[in-house]
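Listed below are the residues making up each chain.
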Amino acid sequence: MRSVLVLVGVIVVCATSVSQAQVSWDVFDDTESTSTCDIVNTADSELVVLSATGQLMIVSGVDTILTDTFVRANGDVDFEGNPTGFIGFAEDADGFRTLWWQTIGGRVVQLDAFDAEPFESDLAPSDFASVPCDACEFVDDPPFGVCDGDLVIDIPPISVDFCGTGVASNAFLTMSFCGFVGLRLTRRW
């Protein structure tokens, strides 16, 4: 039993260490509304801005860091050192202010499916409905303590199965236990 508890403890410590090694991302507050978003929406992907590096990371699908991107403090985005729009809030089709990667012309950026190179789409933020704002729904392995429900450990119940689990077996085991206790109390010659 002690080894099972030690094993569970090691698993919890290892899982926590891996989670804490994951990246964290920025959260943006809209100055014109009460919106708070950490998802940066594009025409075909959802991204986050990594706090440590300022790079964008695709979180829809497999988490993929776009190493050639950099988001400046004012929200301007560079791709391979060239300006490629900005990150800012805009009204979507539902009337909510959500976070978007847009071009200077107000169009939504789209990522090339092959190499993730950004280009201007023909769509505006108002063309999209049911736009996500919470990265916890998308990030594969969020850092510990960032998303609700962290550290949920689903430990299956431990069951001991003796051959024959019927009523007779239980009665036999109970009588055997009582017999062994009774033998322990007898005096040895």
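Here we summarise the structure given alongside this text. (Residues numbered from 1 in each chain as written. Predicted model: local features only at pLDDT ≥ 70, side-chain atom pairs only at ≥ 80, totals over all residues. Heavy atoms only, no water.)

### Looking at the overall build of the protein chain
Then step 1. Check the secondary structure of the protein chain and you find two helices and twelve strands.
Then step 2. In the protein chain, which comprises 189 residues, the proportion classed as buried is 32%.
Then step 3. Contacts in the protein chain between residues far apart in sequence, at least 24 positions, make up 44% of those at least 6 positions apart.
Then step 4. Accessible surface computed for the protein chain: about 12500 Å², of which carbon and sulfur atoms make up 58%. (Helix = DSSP H or I, 4+ residues; strand = E, 2+ residues; numbered from the N terminus. Buried < 20%, exposed > 50% of the residue type's maximum accessible area, 1.4 Å probe, protein only. Contact = heavy atoms within 4.5 Å. Areas by Shrake-Rupley, 256 points an atom, 1.4 Å probe, with all protein chains shown as cover.)

### What to know about a negative patch on the surface
Then step 1. Together, Asp-68, Glu-80, Asp-112, Asp-115 and Glu-117 give the surface a local cluster of negative charge.
Then step 2. One can find Glu-117 in the loop between β11 (109–111) and β12 (118–120).
Then step 3. Note on Glu-117: relative accessible area 36%, which makes it partly exposed. (Patch = residues over 30% accessible without salt bridge, like charges linked within 9 Å, V, L, I, M, F, W, Y side chains within 5 Å. Salt bridge = Lys/Arg side-chain N within 4 Å of Asp/Glu carboxyl O. Lys, Arg positive; Asp, Glu negative; His and termini not counted. Charge placed at Lys NZ, Arg CZ, Asp CG, Glu CD.)

### A word on the pairing of strand β4 (residues 46–49)
Then step 1. Across the two faces of β4 the burial is the same, with Glu-46 and Val-48 and Leu-47 and Val-49 all buried.
Then step 2. By the bridge criterion, two bridges tie strand β3 (residues 40–41) to β4 in an arrangement that is antiparallel. Bridge pairing in β4 places Asn-41 opposite Glu-46.
Then step 3. Hairpin geometry of β3 and β4 is characterised by an intervening segment of four residues between the two adjacent antiparallel strands.
Then step 4. Direction of pairing for β4 relative to strand β5 (residues 56–58): antiparallel, over a ladder of three bridges. Note on β5: the bridge partner recorded for Val-49 is Leu-56. (Pairing = 2+ DSSP bridges.)

### Observations concerning the environment of Val-131
Then step 1. Assignment of secondary structure puts Val-131 in the loop between β12 and α2 (167–185).
Then step 2. Sequence separation between Val-131 and Thr-98 is 33 residues, and the spatial gap between their C-alpha atoms is 7.2 Å.
Then step 3. Discounting residues that sit within four places of it in the chain, Val-131 has contacts with Asn-41, Asp-92, Asp-94, Thr-98 and Trp-100.

The analysis is restricted to geometry; functional conclusions fall outside its scope.
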